[in-house]
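Fold and contact review
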Amino acid sequence: MQPTDRRRTAAAGYRLELRPVFYIIGFLLIVMAVTMTIPLATDLVAGNRDWVAFAMSSMITLFIGGALVTACYQPAIELNLRQAFVLTTLSWVMIAAASALPFYFSPYRFNLAESYFEAMSGLTTTGATMMVGLDRAPAGLLLWRALLQWMGGIGIIGFGIAILPFLRIGGMQLFHSESSDRSDKVVPRVSDLAVSIGAIYLVFTVLCFGMLRLVGMGPFDAITHAMAAVSTGGFSTKDASVAYWSDAGVHWTLIIFMVAGGLPFVRYISFVRGNYGVFWRDSQVRR
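Residues numbered from 1 in each chain as written. Predicted model: local features only at pLDDT ≥ 70, side-chain atom pairs only at ≥ 80, totals over all residues. Heavy atoms only, no water.

Some words on the packing of aromatic side chains
For any pair of aromatic rings, geometry is given as the distance between the ring centres together with the angle between the planes. Under the counting rule described, the total for this entry stands at ten aromatic pairs. Consider the rings of Phe103 and Phe110, whose centres lie 6.3 Å apart with planes at 40°: the pair is tilted. Following the ring pairs from residue to residue traces out a cluster consisting of Tyr23, Phe27 and Tyr73. Here the guanidinium or amino end of Arg145 rests over the ring plane of Phe235, the centre of that ring lying 4.1 Å away. (Phe/Tyr/Trp six-rings, centres within 6.5 Å; stacked < 30°, edge-to-face > 60°. Lys NZ or Arg CZ within 6 Å of the ring centre and 35° of its normal.)

Brief notes about the packing of helix H3 (residues 37–46) against helix H4 (residues 51–71)
The N-to-C vectors of H3 and H4 enclose an angle of 155°; their axes lie 8 Å apart at closest approach. Judged on the interaxial angle alone, H4 and H3 are roughly antiparallel. The chirality of how H3 crosses H4 is left-handed. Packed against H3, whose contacting residues are Thr37, Pro39, Leu40, Asp43 and Leu44, the element H4 presents Trp51, Phe54, Ala55 and Ser58 at the interface. Counted by class, the contact of H3 with H4 contains six nonpolar, two polar and one charged residues. (Axes fitted to C-alpha atoms, helices over the stretch in contact; angles between N-to-C directions. Helix = DSSP H or I, 4+ residues; strand = E, 2+ residues; numbered from the N terminus. Parallel < 35°, antiparallel > 145°, perpendicular 65-115°, else oblique. Left-handed = near helix turned anticlockwise from the far one by under 90°. Contact = heavy atoms within 4.5 Å. Nonpolar A, V, L, I, M, F, W, Y, C, P; charged D, E, K, R; others polar.)

Quick look at the pattern of salt bridges
What the rule picks out here adds up to two salt bridges. The salt bridge involving Glu17 is made with Arg19; its shortest N-O contact spans 3.6 Å. You can call Arg19 partly exposed: its relative accessible area is 41%. With its nearest N and O atoms 3.1 Å apart, the salt bridge here joins Glu118 to Arg145. Of this pair, Glu118 sits in helix H6 (residues 112–123) while Arg145 sits in helix H7 (residues 139–154); the two residues are 27 residues apart in sequence, bridging distant segments of the chain. (Salt bridge = Lys/Arg side-chain N within 4 Å of Asp/Glu carboxyl O. Buried < 20%, exposed > 50% of the residue type's maximum accessible area, 1.4 Å probe, protein only.)

Structure representation (structure tokens):
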């Protein structure tokens, strides 16, 4: 083989095929566009004009997601490790950009940097915020912030993993590239793992919502704070955050579910399956 041929062969080996990456990102953007209809409906019911911001954001996101799916369609995809890492990074960047649109179009008139900061803070469950005057903010925007943290808490990629098998795409590589958990597989298929984690996450959210209602928190505040607590994000609907409520029951409920949300969810699956000492043997929990 000539030196030129060897160089061409080596270059072909290092070439990264990005069509599968953008194909999956397109589906995730479509999911985000559909999710935007939840705060849109909330603002419509409440009579807030902010629903227009979510309508515009949803249409733009749906168009881009649909274009990526159409342009990058492949009948069957198997991700390799390099593609999984690229997908994980690009997913967070592009989904945060789509999630920033409602902030940019909202009456708050955030600039692009502020909108992206707010969206990324929510998706990464960082908890930092650019918003003030939360007590008077539109319900849809407050719900959108809570939804971003709730989705970010389980991992945006976690939602993608659940649909990958239906697209005939291997997902375990993607799970390992997105998750910090390097534990042994507790279920045979990655789709089962995603569904199990999602079910536990949803149960915790419902339980937290129910307990917050029992201790006197209103329904809207209860659902937004339940999503923020289980995701360990911390966004609130009040400028004073949880200090707005003087009831110790509210504080202890949020503390309990923040701790529960901070533990490895894979261990909950093992616990439910009868491995009752799994938490005490986990180094993450002991530390």
